[in-house]
Amino acid sequence: MSSSLQDLFDHNREWAAAMVREKPTFFTDLLAQQSPQYMWIGCSDSRVPANQITGLDPGEVFVHRNVANVVVPTDLNCLSTIQFAVDQLKVKHLMVVGHYGCGGVKAALNDTRVGLADNWLRHIKDVRDRHAALIAATAEDFRVEVLCELNAIEQVMNVAQTTVVQDAWSRGQALTLHAWVYALSDGLLRDMLMTVDGPGGLDAIYRAALAGVTAKRRDASI
């Protein structure tokens, strides 16, 4: 085994030992059941680990990640994960979390070819094209940032319109959707104010969230 892979096993043993020291029943509790209250749909970027960002332990957040945190009705992988989280685990909150500086979003904005993933990024180009006027009115240095925010909002719209979520709301299940964006520069999450807890008023919430992106003060802090 290469030394770099051996390091992973060494770190794993150190982590497991530390967990047991802090809480002797940590792993036996995990074996009992999985009952997270949260689902996180995020980017595959290795710098954006859901548990660490939110301070949650293993077992407390159900995670699905893909390039640029996209949710589309033809992606059975993502939809199956949402269905399991909503119908079986009964999560209360589902967050779509983008991050500033996302390479996929940047490639989509600038029509940069990256390979097979270009086909996947077509979904973000659709977001770009839908909001072309807003992006064009944004200073060039902040256009990637704005598209990251718009993408998170649009993906929550997509989640809200899935049959899984619509069925959950129709039977009165408590489920709230959120659009957030994470900043690598300071480790903080930003709420895009796209918070949806039922089918009613979805369009108004969406328009208000877009207005929030438009009105946001932009500077070099993100």
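What counts and how
Residues numbered from 1 in each chain as written. Predicted model: local features only at pLDDT ≥ 70, side-chain atom pairs only at ≥ 80, totals over all residues. Heavy atoms only, no water. Helix = DSSP H or I, 4+ residues; strand = E, 2+ residues; numbered from the N terminus. Rg over C-alpha atoms; globule rule 2.2 N^0.38 Å. Contact = heavy atoms within 4.5 Å. Areas by Shrake-Rupley, 256 points an atom, 1.4 Å probe, with all protein chains shown as cover. Lys, Arg positive; Asp, Glu negative; His and termini not counted. Charge placed at Lys NZ, Arg CZ, Asp CG, Glu CD. Phe/Tyr/Trp six-rings, centres within 6.5 Å; stacked < 30°, edge-to-face > 60°. Buried < 20%, exposed > 50% of the residue type's maximum accessible area, 1.4 Å probe, protein only. Salt bridge = Lys/Arg side-chain N within 4 Å of Asp/Glu carboxyl O. Pairing = 2+ DSSP bridges. Axes fitted to C-alpha atoms, helices over the stretch in contact; angles between N-to-C directions. Parallel < 35°, antiparallel > 145°, perpendicular 65-115°, else oblique. Nonpolar A, V, L, I, M, F, W, Y, C, P; charged D, E, K, R; others polar.

### Description of the overall build of the protein chain
(1) Moving on: Check the secondary structure of the protein chain and you find ten helices and five strands.
(2) Moving on: For the protein chain, whose C-alpha radius of gyration is 19 Å, the value lies close to the compact-globule estimate of 17 Å for 222 residues.
(3) Moving on: Expressed as lengths along the three principal axes of its C-alpha atoms, the size of the protein chain is roughly 55 × 50 × 35 Å.
(4) Moving on: A fraction of 61% describes how many contacts in the protein chain between residues 6 or more apart in sequence connect residues 24 or more apart.
(5) Moving on: Taken as a whole, the protein chain presents about 11,700 Å² of accessible surface, with 54% of it coming from carbon and sulfur.
(6) Moving on: Averaging the locations of the 20 positively and 25 negatively charged side chains of the protein chain gives two centres separated by 3 Å.

### A few points about the packing of aromatic side chains
Geometry of an aromatic ring pair is reported as the spacing of the ring centres plus the angle between the planes.
(1) Moving on: Applying the stated criterion across every chain, the model contains four aromatic pairs.
(2) Moving on: When the ring of Trp15 is compared with that of Phe26, the centres are 6.3 Å apart and the planes differ by 85°; the resulting orientation is edge-to-face. Of this pair, Trp15 sits in helix H1 (residues 3-22) while Phe26 sits in helix H2 (residues 26-32), placing them eleven residues apart in sequence.
(3) Moving on: Of the residues examined, Trp15 reaches a relative accessible area of 37% and is grouped as partly exposed.
(4) Moving on: Judged by centre distance (5.6 Å) and plane angle (80°), the ring pair of Trp15 and Phe27 falls under edge-to-face. Taken together, the residues span a long stretch of sequence, with Trp15 in helix H1 and Phe27 in helix H2 at a distance of twelve residues.

### Looking at the pattern of salt bridges
(1) Moving on: Inspection of the entire model under this criterion finds 13 salt bridges.
(2) Moving on: The salt bridge involving Lys23 is made with Asp29; its shortest N-O contact spans 3.2 Å.
(3) Moving on: Given the relative accessible area of 40%, Lys23 is considered partly exposed.
(4) Moving on: Residue Arg122 pairs with Asp126 through a salt bridge whose shortest N-O separation is 3.2 Å. Of the two residues, Arg122 and Asp126 both sit in helix H6 (residues 117-130), four residues apart, roughly one turn of that helix.
(5) Moving on: Connected via shared salt-bridge partners are Asp111, Arg122, Lys125, Asp126, Arg128 and Asp129.

### Re the sheet that holds strand S4 (residues 176-182)
(1) Moving on: Taken in spatial order, the five strands of this open sheet run S2-S1-S3-S4-S5, and their pairing is mixed. With partners counted over all chains shown, the strands left at the sheet margins are strand S2 (61-66) and strand S5 (189-196), one partner each. Between one strand and the next, the sheet's axes are offset by a mean angle of 20°, whatever the strand orientation.
(2) Moving on: Bridging between S4 and S5 involves five bridges; their strand directions are antiparallel. By the bridge assignment for S5, His178 is matched with Thr195.
(3) Moving on: Sitting on the sheet, helix H8 (residues 143-160) is in contact with strand S1 (38-43), strand S3 (93-99), S4 and S5, with an inclination near 160° to S4.

### Points about the side chain of His178
(1) Moving on: In this fold, His178 is placed in strand S4.
(2) Moving on: Relative accessible area serves as the criterion here: at 11%, His178 is assigned to the buried category.

### Details of unusual backbone geometry
(1) Moving on: At Ala68, a position not held by glycine, the phi torsion is positive, near 70°.
(2) Moving on: Position of Ala68 relative to the elements: it lies in the loop between S2 and helix H4 (76-88).

### What about the side chain of Thr81?
(1) Moving on: Structurally, Thr81 is set in helix H4.
(2) Moving on: Setting aside chain neighbours within four positions, we find Thr81 in contact with Met39, Phe62, Val63 and His64.

### Considerations on the packing of H6 against H8
(1) Moving on: Contact pair H6 / H8: the axes reach a minimum separation of 10 Å and the direction vectors enclose 105°. Judged by the angle between their axes, H6 and H8 are roughly perpendicular. Of the residues in H8, those in contact with Ile124, Val127, Arg128 and Arg130 of H6 are Leu147, Leu150, Asn151, Glu154 and Gln155.
(2) Moving on: Looking at the contact of H6 with H8, its residues break down into four nonpolar, two polar and three charged.

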